[in-house]
Amino acid sequence: MNHRAASPPVHVVAQDVALALFVTVMQVQGTLIRVAAEGTIRPLTDFGHLGFALLAVNGLVLAVRRRWPVAVFVTAALASLVYYGLDFPDGPGWLGLFVALYTLAAYGDGRRSLVIAGVGTGVLAVWWLVAAADIQPRAAIGWVYFRIGASVMSVALGESVRSRRVIAAEAEARAELAERTREDEARARVDAERLRIAREVHDTVAHAIAIINVQSGVTAHVLDKRPEQARAALRAIEQTSSRALHEMRVILGVLRDDDDGRAPHPGLDQIGELTAKARDAGLDVTLEAPAPETPLPSAVDSAAYRILQESLTNVIRHVGPTRVTVALNPSVDSLEIRVADEGRRTGSSGGPADRASGDGTDAPAGAGRGISGMRERCQLLGGDLDAKPTPGGGFEVRARLPLVPTGARL
């Protein structure tokens, strides 16, 4: 039956002790003053000063009212029942009981405490009325009704305070939850932006390095015999590295506070430059790209460019000079992309299996993640990607990007 709350702070305990002493003095002194003024049938000194003891218990028990609100109320109620049942003089001996009722409702556990307070008040009311059945003069019974009404008001006031405290606590909890939610959303946006930057850096650097690697090999091979061709390869290296540096500045520009050097993300309007660089790297590129009927969303446009860039980079890196078909098929609700190569030409080593590690599934430690990166781009937009070897020894990448992205974060 005892409800034990957490130990209150020292200053709160000191306040309760001071309140208990004050109520005790008020009850004893107030009763003595009334007895001196009106007289009484049973003095407080009867039964071994039991009247004084009951008034003292009724007040001093308030010192632990917040720690054990139920036990304090029960003690005060029993003291009141015995006090008025033995016809001790009426006076402010109910002060401790009213404070105990208020504390039970304000610091209890809600419904259970209200039930205890209601039952206790009912028992007290009946007992007070029975004890006052032969009270004289009859007008004095008004004090009984006062005690009953004050008890009910004490419970109502305590419940009001408890309700406001609960509402305030719930509001604070909701505010903390909202703050945590905002922090989680901000963290998710930061993670998404970090992933986007990493993906852009990977696509840009991998494409540039693949072309530079091919052109530097050509330069080393023809430097002495065909200097003009070597000079052209060096110019291609210069242009590719310059463009890669520019794209890196654009991509990493989001990490600065100013807007210097910003530029739009590359899109399919630059597909001509992309295929031209692929041809410079030795690929025989056939481009089938009809103009779309409606402008592509920026997220789709950028993702399509990066998928084409990564696909061509994989061909340059893993196959070398070969024939490649790049096909774009825009429709009303999606854009389909197809990049297919014929594989290594006769006399070359390796094969399409070299690219199997690009999806990140069967790759050894440190293997590239080109295909998995393309697949992630598609999935973020609600599309899909399929990359697999072809029967003729080549490799094919097919992607479908919805024109109404379902999860674009780019």
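Residues numbered from 1 in each chain as written. Predicted model: local features only at pLDDT ≥ 70, side-chain atom pairs only at ≥ 80, totals over all residues. Heavy atoms only, no water.

A. Quick peek at the pattern of salt bridges. For the structure on display, the rule yields 9 salt bridges. The salt bridge involving Asp-16 is made with Arg-66; its shortest N-O contact spans 3.1 Å. Taken together, the residues span a long stretch of sequence, with Asp-16 in helix α1 (residues 10–38) and Arg-66 in the loop between α2 (46–60) and α3 (69–85) at a distance of 50 residues. Here Arg-66 falls in the buried class, since its relative accessible area comes to 17%. (Salt bridge = Lys/Arg side-chain N within 4 Å of Asp/Glu carboxyl O. Helix = DSSP H or I, 4+ residues; strand = E, 2+ residues; numbered from the N terminus. Buried < 20%, exposed > 50% of the residue type's maximum accessible area, 1.4 Å probe, protein only.)

B. Region of the structure containing the packing of helix α9 (residues 298–318) against helix α10 (residues 370–380). Running from N to C, α9 and α10 cross one another at 165°; their axes reach a closest spacing of 10 Å. As summarised for this structure, α9 and α10 are arranged roughly antiparallel, according to the angle between their axes. Note on packing geometry: the crossing formed by α9 with α10 is left-handed. The segment α9 lies against α10, with Ala-303, Arg-306, Ile-307, Glu-310, Ser-311 and Asn-314 engaging Gly-370, Ile-371, Met-374, Arg-377 and Cys-378. Here the contact of α9 with α10 is composed, by residue class, of 5 nonpolar, 3 polar and 3 charged. (Axes fitted to C-alpha atoms, helices over the stretch in contact; angles between N-to-C directions. Parallel < 35°, antiparallel > 145°, perpendicular 65-115°, else oblique. Left-handed = near helix turned anticlockwise from the far one by under 90°. Contact = heavy atoms within 4.5 Å. Nonpolar A, V, L, I, M, F, W, Y, C, P; charged D, E, K, R; others polar.)

C. Structural detail: the pairing of strand β4 (residues 384–389). Sheet analysis places β4 next to strand β5 (residues 395–402), joined by 6 bridges and oriented antiparallel. Residue Ala-387 lies in a different strand from β5, and its bridge partner there is Val-397. The loop that links β4 with its antiparallel partner β5 comprises 5 residues; one of these, Gly-393, has a positive phi angle of about 100°. (Pairing = 2+ DSSP bridges.)

D. Representation of helix α5 (residues 111–131) in the model. The terminal C-alpha atoms of α5 lie 30 Å apart, and with 21 residues this matches the ideal 30 Å at 1.5 Å per residue to within 8%. Those residues of α5 lying buried are Ser-113, Ile-116, Ala-117, Gly-120, Thr-121, Leu-124, Ala-125 and Trp-128. All buried residues of α5 lie within an arc of 165° about the axis, which places them on one face of the element. What points out from α5, more than 90 degrees from its buried face, is the exposed set Arg-111, Val-119, Val-126 and Val-130. (Expected span 1.5 Å × (residues − 1). Arc of directions from axis to C-beta.)

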